[in-house]
Amino acid sequence: MNILDFTSIDNLKRTSGEICSKGWGEANGGNISIRLTGEELAHFQEHQSAEKEHSLPYAVPELAGDCFLVTGTGVFFRNISTSPEESLGIVRINSKGDGYSMMWGYDGGGQPTSELTAHLLSHGVRKRVSSGRDQVIIHTHTTNLIALSFVLPLSTPVVTRELWEMMSECLLLFPDGIGVMEWMVPGSLEIGLATSQLMEKHRLVLWAHHGILGTGPNMEQVFGLIETADKAAEMLLKVMAAGGKRQAISADQLKKLAKAFNVDPLKEAID
Ligand code: 2HA
Ligand code: ZN
């Protein structure tokens, strides 16, 4: 099996290109991780790594033995499709969940993203709360959501409700809302722990003045989730610039919408 033929690598190449065309992939901004399954996982479970083990500053026992395709640190998204072996790598978590080995990629001396902590801690939570369904995490620098974090209070219910009011699709795509965090040092254990705590309840987490993290079962759904939230943020900024709302979808209408489509909206954002 040629690793470059993996569907996961194909999906990652396509999504990083889409992120760049959105204008979210400036320089080395953003990072992506995918928990491998099936044939792709089996390929690496059998092999020994020639490379030494790296320790993690925390343990994620939920991920013991799992393998992840992860973008490399310092990698420019616009180069992923032409240089996948340099831009990407596959890591395997050890049997205690407190270290990893690089199994493939990162050619030319690379290593996994500086946000590996936030990705792995969040994967641990999502694997548990989604019963193994959620496999993908995208972190990207969504222009409009970042801009919004300067003008709205950094509150999960407030930001969630504002986005839901922008178009019907929002409540249907993220009834679990968008978890909001204050600014923290990128790549730190602190930002990783705070993110994974919000991932217990939300598939979208906003890092104020920095970007977004989204999770879900596959690349297309996660990208769609992020794209929808950023579009709502763009509309809200336009509405604000145009003098503010005169009307919006009301709380009663949001409840009707949730009922019609059988979704369970985040309580704090609707009451
Ligand atoms: O890799 O996006 O958050 C650059 C980043 C860090
Ligand atoms: Zn970032």
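Figured I'd write up the structure that's included with this text. This structure is a prediction, so every number in the text was calculated from the model and none was measured.

Moving on, we come to the sheet that holds strand β8 (residues 204-207). Spatial strand order, β2-β5-β4-β3-β1-β6-β9-β8-β7: nine strands in an open sheet with mixed pairing. Edge positions in the open sheet fall to β2 (54-55) and β7 (178-181), since each of these has one partner strand only. Where β8 meets strand β9 (residues 211-216), four bridges bridge the pair, whose relative direction is antiparallel. Each residue of the ladder has a partner; that of Val 205, found in β9, is Leu 213. The sheet strands contacting helix α1 (residues 7-21) are β1 (31-35), β3 (67-71), β4 (88-93), β5 (99-105) and β6 (136-140), and the helix crosses β1 at an angle near 155°.

Around ligand 1, the neighbouring residues are Asn 28, Gly 29, Gly 30, Asn 31, Glu 115, His 139, His 141 and His 210. In this structure, His 141 approaches ligand 1 through a side-chain N or O atom, which is 2.9 Å from an oxygen atom. Protein chains bury 87% of the 220 Å² of accessible surface belonging to ligand 1 in isolation.

As a further point, take helix α2 (residues 38-45). Residues of α2 that are buried: Glu 40, Leu 41, His 43 and Phe 44. Considered in projection along α2, the buried side chains sweep an arc of 155° and stay on one side of the axis. Exposed residues lying more than 90 degrees from the buried face of α2 are Gly 38 and Glu 39. Summarising the contacts, the buried residues of α2 are in contact with α1, β3, β4 and β5.

Counting across every chain of the model gives two aromatic pairs. Centroid distance Phe 6 to Phe 44: 6.1 Å. Interplanar angle 80°. Geometry classified as edge-to-face. Taken together, the residues span a long stretch of sequence, with Phe 6 in the segment before α1 and Phe 44 in helix α2 at a distance of 38 residues. One exposure class covers both Phe 6 and Phe 44, and it is buried. On the basis of an interplanar angle of 45° and a centroid distance of 5.9 Å, the ring pair of Trp 24 and Phe 223 is categorised as tilted. Of this pair, Trp 24 sits in the loop between α1 and β1 while Phe 223 sits in helix α9 (residues 219-241), and the two are 199 residues apart along the sequence.

Attention now moves to the pattern of salt bridges. With the rule as written, the count across this model stands at 13 salt bridges. For Glu 227, the salt bridge goes to Lys 22, with nearest N and O atoms at 3.3 Å. Here Lys 22 lies in the loop between α1 and β1 and Glu 227 lies in helix α9, a separation of 205 residues in the sequence. A salt bridge links Arg 203 to Asp 176, with the shortest nitrogen-to-oxygen separation between them at 2.7 Å. Here the residue Arg 203 occupies a position in the loop between α8 (189-199) and β8, and Asp 176 occupies one in the loop between α7 (168-173) and β7, the gap between them amounting to 27 residues. Taking relative accessible area as the criterion, Asp 176 reaches 17% and is therefore assigned buried.

Here we come to the nonpolar core. Burial of nonpolar side chains together is a common tendency in soluble globular proteins. Core analysis: the biggest nonpolar cluster contains 53 residues, and Phe 44, Leu 69, Ile 90, Ile 138, Leu 163 and Trp 164 have the highest contact counts within it. For this core, the leading source of residues is α9, giving nine residues.

Phi at Ala 27 is positive, roughly 40°, even though this residue is not glycine. Positionally, Ala 27 belongs in the loop between α1 and β1. Even without being glycine, His 209 reaches a positive phi, approximately 55°. Tracing the sequence through the fold places His 209 in the loop between β8 and β9. You can call His 209 partly exposed: its relative accessible area is 32%.

On a regular strand, one side chain projects to one face of the sheet and the next to the other, so that they alternate. Counting buried residues along β1, five of its five residues qualify, which places the element largely inside the surrounding structure. Side chains Asn 31, Ser 33 and Arg 35 project from β1 onto one buried face, and the interleaved Ile 32 and Ile 34 project onto a second face that is buried too. Note: β1 against β3, three bridges, orientation antiparallel. Across the sheet, the residue bridging to Ser 33 is Val 70, located in β3.

Conventions we followed
- Residues numbered from 1 in each chain as written.
- Chains lettered and ligands numbered in written order.
- Predicted model: local features only at pLDDT ≥ 70, side-chain atom pairs only at ≥ 80, totals over all residues.
- Heavy atoms only, no water.
- Pairing = 2+ DSSP bridges.
- Helix = DSSP H or I, 4+ residues; strand = E, 2+ residues; numbered from the N terminus.
- Contact = heavy atoms within 4.5 Å.
- Axes fitted to C-alpha atoms, helices over the stretch in contact; angles between N-to-C directions.
- Near = heavy atom within 4 Å.
- Polar contact = N/O pair within 3.5 Å; in protein donor to acceptor, adjacent residues only side chain to side chain.
- Areas by Shrake-Rupley, 256 points an atom, 1.4 Å probe, with all protein chains shown as cover.
- Buried < 20%, exposed > 50% of the residue type's maximum accessible area, 1.4 Å probe, protein only.
- Arc of directions from axis to C-beta.
- Phe/Tyr/Trp six-rings, centres within 6.5 Å; stacked < 30°, edge-to-face > 60°.
- Salt bridge = Lys/Arg side-chain N within 4 Å of Asp/Glu carboxyl O.
- Core = buried A, V, L, I, M, F, W, Y, C linked by side-chain atoms within 4.5 Å.

In short, geometric facts, not functional conclusions.
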